[in-house]
Amino acid sequence: MVFSLFKKKKKQGLHTIAFYNLENLFDTTHDPDTLDVDFTPKGFKKWTPKRYKKKILKLAKTISEIGLASTERPPALVGIAEVENETVIQDLINAGPLQDIDYGYVHYDSPDERGIDTGLLYHNDHFEVLHSEPIPLLVYNAEGVRDTTRDILYVHGKLNEELVHVFVNHWPSRRTGDVATDYKRVEAAKTIKLKMEQIEAEHPEPNFIIMGDFNDDPSSNSIQLLTDGTGLYNPMEKLGSPNRGSANYRRSWSLFDQIIVSHNFFNYEKGTHSFAHANIFDEHLLTEWKGKYKGTPFRTYAGSKYLGGYSDHFPVYIQLKYNS
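Cut-offs and rules
- Residues numbered from 1 in each chain as written.
- Predicted model: local features only at pLDDT ≥ 70, side-chain atom pairs only at ≥ 80, totals over all residues.
- Heavy atoms only, no water.
- Helix = DSSP H or I, 4+ residues; strand = E, 2+ residues; numbered from the N terminus.
- Buried < 20%, exposed > 50% of the residue type's maximum accessible area, 1.4 Å probe, protein only.
- Polar contact = N/O pair within 3.5 Å; in protein donor to acceptor, adjacent residues only side chain to side chain.
- Pairing = 2+ DSSP bridges.
- Axes fitted to C-alpha atoms, helices over the stretch in contact; angles between N-to-C directions.
- Contact = heavy atoms within 4.5 Å.
- Core = buried A, V, L, I, M, F, W, Y, C linked by side-chain atoms within 4.5 Å.
- pLDDT = per-residue confidence, 0-100.
- Arc of directions from axis to C-beta.
- Parallel < 35°, antiparallel > 145°, perpendicular 65-115°, else oblique.
- Left-handed = near helix turned anticlockwise from the far one by under 90°.
- Nonpolar A, V, L, I, M, F, W, Y, C, P; charged D, E, K, R; others polar.
- Expected span 1.5 Å × (residues − 1).
- Phe/Tyr/Trp six-rings, centres within 6.5 Å; stacked < 30°, edge-to-face > 60°.
- Lys NZ or Arg CZ within 6 Å of the ring centre and 35° of its normal.

The chain is annotated in an unreviewed UniProt entry as Endonuclease from Maribacter polysiphoniae.

In structure tokens:
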């Protein structure tokens, strides 16, 4: 009995921080200000209310279970990407698997022409928002025209009363080639480093949590630039392999989804959080069960073909132990 109580107390000290690219979580209504017509009932994807509701329920169930086996509670923070607007976030946190969890959220409309944004879900029992803002990512093409990509979401708050600075990212894609677009993601890294310097000028030894779909692997130029000389630790470096990742393209794994933390999370002072664990939430339920894509993310669409899955990305997460 003593052992059982000790084990339960130990679990209560763990908190999950997660990131999940939700793969085009659009509502079914056309917004004339964005390129979302494909995701309407009469559009290319034939995106109906029934399909939308099914996806919402699947995503909500997934989020509710990330890290649950070791913490016995849902995540304290969940960064999300590819959400169209506030409406879809509200529908997500009000869906059955999440409706009894006291989640709030931070979201800003971004200038992305497709209308997809980032957001942060936070458990009100464990996190308090003190300040938030979108940080514009200013990147330009060869003709000097701005690429209206996603903003970087910055949230300053208290995680179990400890001050933290959270960045949620969805960096420019590799659609026109990784080399041709590399400079955009390098600029994103520079943008975060500049903001970090500003924060460090105001806050002694700040705690940083930088999460997102970076469209680059841990070894890429942009991620190396972000972590070089900044006191950041990337636990995802140890997770990627030829046989495992957070997304799979043409049968090749990538680990574009990452959560990077400051080295402060390796101290063990009372009232602070310590890094405990990192993983990819690639549970069997989220995968293709058979065929040539067996084991890869069970996505919602493959081109125009509706598959009815969760997302084309697996969530990633870290766990922090609160030192009481």
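Structure's up, so let's keep going.
Engineer: Residues and numbers for the side chain of T181, please.
Structural biologist: Tracing the sequence through the fold places T181 in helix α5 (residues 178-202). Looking at T181, the relative accessible area reads 2%, which means it is buried. Engagement of the side chain of T181 in a polar contact is seen with the backbone oxygen of S173, the distance being 3.4 Å.

Engineer: Explain the sheet that holds strand β3 (residues 103-107) to me, using residue names and the numbers behind them.
Structural biologist: Across the sheet, which stays open at both edges, the six strands sit in the order β3-β4-β2-β1-β16-β13 with mixed pairing between neighbours. Only two strands of the sheet have a single partner each, and these edge strands are β3 and β13 (273-280). Averaged over all pairs of adjacent strands, the angle between their axes in this sheet comes to 20 degrees, without regard to strand direction. Packed onto the sheet, helix α2 (residues 49-65) meets β1 (14-25), β2 (77-83), β3 and β4 (117-123) and runs at close to 160 degrees relative to β1. On the sheet, helix α4 (residues 86-94) packs against β1, β2, β3 and β4 and is oriented at approximately 165 degrees with respect to β3.

Engineer: Break down the environment of S219 for me, citing the residues and quoting the values.
Structural biologist: Within the secondary structure, S219 is located in the loop between β8 (208-213) and α6 (221-227). You can call S219 exposed: its relative accessible area is 63%. In this structure, the C-alpha to C-alpha distance between S219 and E237, residues 18 residues apart in sequence, is 7.6 Å.

Engineer: Residues and numbers for the nonpolar core, please.
Structural biologist: With 63 residues, the main nonpolar core has L92, L121, V166 and I318 as its most contacted residues. Counting residues per element, this core draws most heavily on β1, which supplies six residues. Setting aside residues up to four positions removed in sequence, V166 forms contacts with L77, L120, L153, Y154, V155, I209 and M211. Counting residues in each nonpolar core, the second largest holds 19 residues, with I152, M196, L232 and I260 among its members.

Engineer: Before we move on, could you go through the confidence of the model for the chain and cite the residues and values that matter?
Structural biologist: Overall, the predicted model of the chain reaches an average pLDDT of 93, with 96% of residues at or above 70. Across residues 1-10, where pLDDT falls below 50, the model places one contact with residues more than four positions away in sequence or in other chains.

Engineer: Residues and numbers for the side chain of T40, please.
Structural biologist: Structurally, T40 is set in the loop between β1 and α2. Setting aside residues up to four positions removed in sequence, T40 forms contacts with T28, T29, H30, K46 and W47.

Engineer: Could you give an account of α4, with specific residues and numbers?
Structural biologist: Within α4 the residues assigned to the buried category are V88, I89, L92 and I93. The buried side chains of α4 occupy one side of the element, clustering within an arc of 130 degrees when seen end-on. Its buried side turned inward, α4 meets β1, α2, β2, β3 and β4. For α4, the N-terminal cap is N85; the gap from its side-chain oxygen to the backbone nitrogen of T87 is 3.1 Å.

Engineer: Quick rundown of unusual backbone geometry? Include the residues and the values.
Structural biologist: In the Ramachandran plot, K46 falls in the positive-phi region, its phi being about 50 degrees despite a non-glycine side chain. Its place among the elements puts K46 in the loop between β1 and α2. Unlike most non-glycine residues, N160 shows phi in positive territory, near 50 degrees. Given a relative accessible area of 16%, N160 falls into the buried group.

Engineer: So, the environment of I152: which residues are in play, and what are the values?
Structural biologist: Summarising the element assignment, I152 is placed in strand β6 (residues 152-159). Residues I152 and A188 lie 36 residues apart in sequence; the distance between their C-alpha atoms is 8.3 Å. Not counting the four nearest positions on each side in its chain, I152 is found in contact with E133, P134, I135, F167, V168, N169, W171, A188, T191 and I192.

Engineer: Could you give an account of the packing of α2 against α4, with specific residues and numbers?
Structural biologist: Orientation of α2 relative to α4, taken along the N-to-C sense of each, is 60 degrees, at an axis distance of 9 Å. The angle between α2 and α4 places the two elements in the oblique class. As α2 runs across α4, the sense of the crossing is right-handed. Of α4, the residues touching α2 (which contributes Y52, I56, L59, A60 and I63) are T87, V88, D91 and L92. Broken down by class, the residue content of the contact of α2 with α4 amounts to seven nonpolar, one polar and one charged.

Engineer: Can you break down α2 residue by residue, with the values?
Structural biologist: Compared with an ideal rise of 1.5 Å per residue, which puts 17 residues at 24 Å, α2 spans 25 Å between its outermost C-alpha atoms and is within 8% of the ideal. Those residues of α2 lying buried are Y52, K55, I56, K58, L59, A60, T62, I63 and S64. Of the residues trailing α2, G67 is marked for its positive phi of about 75 degrees.

Engineer: Please give an account of the packing of aromatic side chains that cites residues and values.
Structural biologist: Within this structure, the stated rule accounts for 16 aromatic pairs. Centre to centre, the rings of W253 and F314 are 6.1 Å apart; their planes meet at 20 degrees, and the pair counts as stacked. With W253 in strand β11 (residues 252-254) and F314 in the loop between β15 (305-306) and β16 (316-322), this residue pair connects regions lying 61 residues apart in the sequence. A single burial state applies to W253 and to F314, both of which are buried. For the ring pair F266 and F275, a centre distance of 5.5 Å and an interplane angle of 40 degrees mean the geometry is tilted. Taking relative accessible area as the criterion, F266 reaches 32% and is therefore assigned partly exposed. Aromatic rings pair up to connect F26, F39, W47, Y52, Y301 and Y306 into one cluster. Over the face of the ring belonging to Y301 we find K45, whose NZ or CZ atom lies 4.9 Å from the ring centre. The ring of Y293 has R251 sitting right over it, with the charged end atom 6.0 Å from the ring centre.

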